[in-house]
Amino acid sequence: MNLPSRLAINMFVGMLKKKKDATEAEKTMAQMISSSYDISDIQYTDPIVDYLQGGK
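Source: prediction; values computed, not measured.

(A) Examining the overall build of the chain more closely. When helices and strands are tallied, the chain shows 3 helices and 0 strands. Tracing the chain from N to C terminus, the helices and strands come up as α-α-α. Scaling as 2.2 N^0.38, a compact globule of 56 residues should have a C-alpha radius of gyration of about 10 Å, whereas the chain reaches 17 Å, well beyond that. Each principal axis of the C-alpha distribution contributes one length, and for the chain these read about 55 × 25 × 10 Å. Evaluated residue by residue, the chain yields a buried proportion of 9% over its 56 residues. A total accessible area of about 5,200 Å² is found for the chain, and carbon and sulfur atoms account for 60% of it. Side chains of the chain give 7 positive and 7 negative charges; the mean places of these two sets differ by 14 Å.

This is the structure in structure tokens:
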């Protein structure tokens, strides 16, 4: 991700964390955005890769 995008996301997360009357959904969103995570599973991406490579 490029620098301006990272800065914008960091500012957004900062605003969410400082919000006094944040909902539970907003708190969860701030927590999830503030750290990098990967929830992909290779079993779901393999068929896509095979298809894009011409169906081995």
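Structure's up, so let's keep going.
(B) Summary view of a nonpolar patch on the surface. A grouping of Met1, Ile9, Phe12, Met15, Met29 and Ile33 is seen on the molecular surface, where their side chains present a nonpolar patch of about 560 Å² in accessible area. Those elements that provide at least two residues to the nonpolar patch are α1 (3–18) and α2 (24–34). Broken down by element, the nonpolar patch gets its largest block of residues, 3 residues, from α1. You can see Ile9 is positioned in helix α1.

Reading the values: rules and limits
- Residues numbered from 1 in each chain as written.
- Predicted model: local features only at pLDDT ≥ 70, side-chain atom pairs only at ≥ 80, totals over all residues.
- Heavy atoms only, no water.
- Helix = DSSP H or I, 4+ residues; strand = E, 2+ residues; numbered from the N terminus.
- Rg over C-alpha atoms; globule rule 2.2 N^0.38 Å.
- Buried < 20%, exposed > 50% of the residue type's maximum accessible area, 1.4 Å probe, protein only.
- Areas by Shrake-Rupley, 256 points an atom, 1.4 Å probe, with all protein chains shown as cover.
- Lys, Arg positive; Asp, Glu negative; His and termini not counted.
- Charge placed at Lys NZ, Arg CZ, Asp CG, Glu CD.
- Patch = residues over 30% accessible without salt bridge, like charges linked within 9 Å, V, L, I, M, F, W, Y side chains within 5 Å.
- Salt bridge = Lys/Arg side-chain N within 4 Å of Asp/Glu carboxyl O.

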